[in-house]
Amino acid sequence: MTQPQTEIAAADAAKIDWPAVFAQNQGWMRAVILARLGEPQAVDEVLQEVSLAAVRQTQPLRDPSKLAPWLYRLAVTQTLLYRRKRGRRRKMMARYAEKFQPTEADVGAVDPLGWLLADERQQRIRTAMQRLAPKDAEILMLKYTQNWSYHQLAVHVGVSESALEARLHRARARLRQELAELEVIEKI
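Residues numbered from 1 in each chain as written. Predicted model: local features only at pLDDT ≥ 70, side-chain atom pairs only at ≥ 80, totals over all residues. Heavy atoms only, no water.

**Structural notes on the overall build of the protein chain**
Next up, step 1: What the protein chain contains, in helices and strands, is 8 helices and 0 strands.
Next up, step 2: Along its sequence from the N terminus, the protein chain presents helices and strands in the succession α-α-α-α-α-α-α-α.
Next up, step 3: Going through the 188 residues of the protein chain one by one, you find that 27% of them count as buried.
Next up, step 4: Long-range pairs, those at least 24 residues apart, make up 61% of the contacts in the protein chain between residues at least 6 apart in sequence.
Next up, step 5: Within the structure as shown, the protein chain displays about 13700 Å² of accessible surface, and the carbon and sulfur contribution to it stands at 54%. (Helix = DSSP H or I, 4+ residues; strand = E, 2+ residues; numbered from the N terminus. Buried < 20%, exposed > 50% of the residue type's maximum accessible area, 1.4 Å probe, protein only. Contact = heavy atoms within 4.5 Å. Areas by Shrake-Rupley, 256 points an atom, 1.4 Å probe, with all protein chains shown as cover.)

Structural data, given as structure tokens:
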């Protein structure tokens with residue numbers, strides 16, 4: 001390419017509508033990342049890193065028609081970087097655990113059976129939450145993990161506070177029913 005053609009290509013690349021590009025390509029990028037990671041909860045984090053890397057590019061794309069293959073390569077690269085970071089964190093935690101192993105004299109030592117039972121109970125609660133309708137799970141999570149007030153929830157959902165209270169009451173009842181079916185609590 002000659003110098004004027006390079007400047008034109010750089011100007012065209014700078015005009016890329018990134019929100020539209022990510023909205024158009026988000027589905028297949030999610031599938032690629034999920035296939036390589038196997039962790040649904042990590043997909044959003046990696047996708048965010050892909051979008052940041054795309055926007056921060058130092059060399060503009062010369063051919064905007066090759067945007068999808070470029071995004072694919074970027075998604076794969078960011079996935080690999082995420083896996084490496086996770087591996088380093090896992091090794092660091094293992095080294096820490098090895099260095100500071102609890103002794104029999106540790107008063108704060110966790111009972112292995114109690115830990116296992118608590119972990120199993122948490123897994124069943126997650127399963128019960130996944131069985132709920134997305135709207136019910138959302139308001140329960142916002143209320144009890146983010147400590148949102150009824151007013152904040154009502155504004156977020158777009159209903160009155162009294163309607164929100166009724167909806168939250170029904171969501172809690174459905175959650176209790178799911179927990180009873182999974183034998184986390186006694187059947188009602």
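**Overview of the layout of surface pockets**
The gaps of empty space that remain are located by a probe, the size of a water molecule, rolled over the atoms.
Next up, step 1: Its boundaries defined by the atoms lining it, the largest pocket holds a volume of some 150 Å³.
Next up, step 2: Surrounding the largest pocket, Met-129, Leu-140, Met-141, Tyr-144, Thr-145, Arg-172, Leu-175, Arg-176 and Leu-179 form its lining.
Next up, step 3: Within the residue set of the lining of the largest pocket, elements represented by two or more residues are α6 (134-144) and α8 (161-181).
Next up, step 4: Top element by residues in the lining of the largest pocket is α8. It accounts for 4 residues. (1 Å grid on protein atoms, 1.4 Å probe; cavity = no way out; pocket = protein on both sides within 12 Å on 5 of 7 lines; lining within 4 Å. Points joined across faces, edges and corners; volume = space filled by probe spheres on them.)

**Concerning helix α4 (residues 67-99)**
Next up, step 1: With 33 residues, α4 ought to run about 48 Å at 1.5 Å a step, and its terminal C-alpha atoms sit 48 Å apart, in line with that.
Next up, step 2: Residues Leu-67, Trp-70, Leu-71, Leu-74, Ala-75, Val-76, Gln-78, Thr-79, Tyr-82 and Gly-87 constitute the buried set of α4. (Expected span 1.5 Å × (residues − 1).)

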